[in-house]
Amino acid sequence: MNNILIQKLFFVSIFLMFSIHLIKAQIDLPGDLENEYVQLLSLKNQQINHLGYEPSIEPFVDFLEWSLWDRFSSKMNVKEGVTLLDLGFKTHINSAYPRGYNDGPTWLGRGLTQEVNAGMRFKKGRLSMTFLPNIFYSQNLFFELAPQIKKDVSPFSYQFANKSSVSYRIDWVQQYGEKAFVNFHLGQSELRYHDSIFTVGFGTQNFKLGPAIINPIILSRNAGGFPSVDIGTSQPLPIHLKNRDLGIFETKMIFGQLSESKYFDTYPENNMLFFTGMTVGYSPPFLPDLVLGFNKVLYKQNKYFTPLDLAALFWIFDQGVNHDSILVKDSFDQMVSLFVDWKFPEADLRIYLEWAKNDFSGDFTRIITEPEHGRAYTLGLEKAFDFPTGKVLYFMMEHSNLVRNQSWLYRANPPYYQHILVDQGYTHRGQILGAGIGGGSMSQFLGLSLYDQKSLLGIDFQAIRFDDDYFLEMDHGSGQQELYNRHQNEFSLGLKYQRRFQKISVGAKLVNSFYMNRYYILGNNEYNLSLNIQCKYFLNQFK
């Protein structure tokens, strides 16, 4: 009898914990149709954002005064307890070739991809735990791979890495093998301590650095989150000097480990990379809606790691390694960016710029005479228009340029996300951690969406020119067509719709893409139809 009583008490306590102490949790899942709505919330509400970065878990730091959709009308309740997070289901279909950007851990191959996100969150005092793994099935149908140019990497890996003075490589997977597979990733999961000033977390959630939406240069949600520890301020903090207001600032440092995919090379000693990064954002008191910021990341092979590398964000003690037994090369690859993020609340307008530098700049003379060396940039704007009926029209545009400047002709300057010693480049499990279009590429994006209290209807257009850095070094040969005829270009038109009901939301996005001169082969053109159907079930409904 005692054992039965104990079992009953145990199950009753579990039931009470789940049913009484429910909390709301905001999770901005990569690849959700709601990602754009989160951007709209950031635009329409003042001073609710982190300065310079966006986490996937609890993206806002304050209550929302404006919201069309009730489930986003307030910040997470601070009550302690456990909650089951909303169930998310996604079905993706690509008709001709893999296509997908900023989808986190999910890789969208040709054919059918089924994705499930389900989990829970626990909070007690200043501690919280989020467990929201990502599981997906990929049909992974056959498509024509690029010709194998690089014999030292798998045929499933990217073949068009830079080949200027040395042969670079990058672990950017074209296809994950030849068979269907199921993949499990911890997704947006973490353990966190959080108070009013300080926060530290450990997990695999996706962080985005910088203000860009489509193509963040330094760190995006294009790949799955990697195991990391982050430490920093929990929210923007005021700066005072002798009772004088000097504005607010926020900062975060990240230390993590990147992994090579199974489809790169056969050398196990280079399978792991050490990663460290930081972001700093500052808003002056005389322009409280302006954010000025700085991002920096470094990464190197684990076999060269020393404890002093934990300070590499501030000073690199590493003296480099011998390359070809003659040259001494830095064993770190690094990127930095400066950004401007400026809101105009009275006009529901935001403009932003991220300007990045690739690798070390050299001495002071080179810095001031060739500031464009190794640069890349993304600039964009977003604007909301309110209608008397309560509907909102959201417009955004973004331009990104990661093509090398002309100084590569006489100064060493590898393309973005590639490095002479870090063979895998800036990747995790075969996907680029920065801009999803890849190094050497350009992108133009235009989007227009109409929102009301229950639905979204939108259209967008994107034009991408892929990897001009490789294109300009190709062995074109005599008598071939003019160079501009063989650029790799993709033009895409997308339509999307989402409808919210009391307990569920259902939506879909259809993208029609035309890819010209795929693999730099003149006339090798393909059409791809991409269909993304999403359904989310609200386990915890609040009025």
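Residues numbered from 1 in each chain as written. Predicted model: local features only at pLDDT ≥ 70, side-chain atom pairs only at ≥ 80, totals over all residues. Heavy atoms only, no water.

1. Points about the overall build of the protein chain
As a reminder of what qualifies: What counts as a helix is a DSSP run of H or I of at least four residues, what counts as a strand is a run of E of at least two, and both are numbered from the N terminus. Each residue's exposure class comes from its accessible area (1.4 Å probe, protein chains only) as a fraction of the maximum for that residue type: buried when under 20%, exposed when over 50%, partly exposed otherwise. By definition in these notes, contact holds between two residues if any of their heavy atoms fall within 4.5 Å. Note on areas: Shrake-Rupley with a 1.4 Å probe; residue coverage comes only from the protein chains shown.
The secondary structure content of the protein chain amounts to 4 helices and 29 strands. Going through the 543 residues of the protein chain one by one, you find that 54% of them count as buried. In the protein chain, 68% of the contacts between residues at least 6 apart in sequence involve partners at least 24 apart. Taken as a whole, the protein chain presents about 24700 Å² of accessible surface, with 63% of it coming from carbon and sulfur.

2. A word on unusual backbone geometry
The phi dihedral of Asn140 is positive, around 55 degrees, even though this residue is not glycine. Residue placement: Asn140 occurs in the loop between strand E7 (134–138) and strand E8 (181–185). Positive phi is not limited to glycine here, since Asp467 has a value of about 45 degrees. Here Asp467 lies in the loop between strand E26 (455–466) and helix H4 (468–471). By relative accessible area, Asp467 is classed as buried at 4%.

3. Topic: the environment of Glu490
Operational definition: A 3.5 Å cut-off defines polar contacts: any pair of N or O atoms within that distance qualifies, except that in protein one atom must be a possible hydrogen donor and the other a possible acceptor, and neighbouring residues in sequence count only when both atoms are side-chain atoms.
With respect to the helices, strands and loops of the structure, Glu490 is situated in strand E27 (residues 488–500). The exposure class assigned to Glu490 is buried, which follows from its relative accessible area of 1%. Taking C-alpha positions, Glu490 is 6.6 Å from Ser513, a pair spaced 23 residues apart along the chain. The contact partners of Glu490, leaving out residues within four places of it in the chain, are Tyr97, Arg99, Tyr101, Gln462, Ala463, Ile464, Phe466, Ser513, Phe514 and Tyr515. Here the side chain of Glu490 touches Arg99 through a polar contact of 3.1 Å, side chain to side chain.

4. Here we look at the pattern of salt bridges
Any two side chains of opposite charge can pair, so long as their charged atoms come close to each other. Just so we agree on the cut-off: By definition here, a salt bridge exists when the distance from a side-chain nitrogen of Lys or Arg to a carboxyl oxygen of Asp or Glu is within 4 Å.
Throughout the structure, instances matching the rule amount to 24 salt bridges. Ionic pairing is found between Glu58 and Arg121, a salt bridge with its closest N-O pair at 4.0 Å. One end of the pair, Glu58, is in the loop between strand E1 (53–55) and strand E2 (81–84); the other, Arg121, is in strand E5 (residues 120–124), with 63 residues separating them in the sequence. Both residues of the pair, Glu58 and Arg121, belong to the buried class. Linking Asp423 and Arg169 is a salt bridge whose minimum nitrogen-to-oxygen distance equals 2.9 Å.

5. Observations concerning the nonpolar core
Nonpolar side chains in soluble globular proteins tend to be buried together. The condition is simple: For the purposes of this section, nonpolar cores are sets of buried Ala, Val, Leu, Ile, Met, Phe, Trp, Tyr and Cys residues that join through side-chain atoms within 4.5 Å.
Grouped together as the largest cluster of nonpolar side chains are 46 residues, with contacts concentrated most on Tyr416, Tyr417 and Tyr426. Within the residue set of this core, elements represented by two or more residues are strand E11 (207–209), strand E14 (244–259), strand E15 (272–283), strand E16 (290–301), E26 and H4. Apart from residues no more than four positions distant in its own chain, Tyr416 is found in contact with Ile217, Met335, Ala356, Lys357, Asn358, Gly374, Arg375, Ala376, Leu402 and Gly439.

6. Quick look at helix H2 (residues 35–44)
Burial runs high along H2: 10 of the 10 residues are buried. Asn35, Glu36, Tyr37, Val38, Gln39, Leu40, Leu41, Ser42, Leu43 and Lys44 are the residues of H2 that are buried.

7. Considerations on the confidence of the model for the protein chain
The test is simple: pLDDT measures the predictor's confidence residue by residue and takes values from 0 up to 100.
The predicted model of the protein chain has a mean per-residue pLDDT of 87, with 87% of residues at 70 or higher. Predicted confidence for residues 5–23 stays below pLDDT 50, and this span has 21 contacts to residues more than four positions away or in other chains. Contacts of residues 74–78 to residues separated by more than four positions or lying in other chains number 18 contacts, the stretch itself having pLDDT below 50.

8. Quick word on a nonpolar patch on the surface
For the record, the criterion: What makes a patch is a set of residues exposed beyond 30% relative accessible area and free of salt bridges, joined within 9 Å when like-charged and within 5 Å when nonpolar (Val, Leu, Ile, Met, Phe, Trp, Tyr).
A cluster of nonpolar side chains, contributed by Phe89, Val116, Phe131, Ile135, Tyr137, Val182, Phe184 and Leu186, occupies part of the molecular surface with about 690 Å² of accessible area. If you list the elements that add at least two residues to the nonpolar patch, you get E7 and E8. For Phe89, the location among the structural elements is in strand E3 (residues 87–94).

9. What to know about the pairing of strand E22 (residues 392–401)
Put simply, side chains in a regular strand alternate between the two faces of the sheet. Here is the rule: Each pair of strands is called paired provided DSSP finds at least two bridges between the two strands.
Counted residue by residue, E22 has 7 buried out of 10 residues, so it is predominantly covered. As paired strands, strand E21 (residues 375–386) and E22 are joined by 10 bridges and run antiparallel to one another. When the bridges of E22 are listed, Leu379 appears paired with His399. If you look at the hairpin formed by E21 and E22, you'll find 5 residues sitting between the two strands, and Gly390 has a positive phi there, around 95 degrees. Sheet analysis places E22 next to strand E25 (residues 442–451), joined by 10 bridges and oriented antiparallel. Opposite Met396, over in E25, you have Gly447 as the bridge partner.

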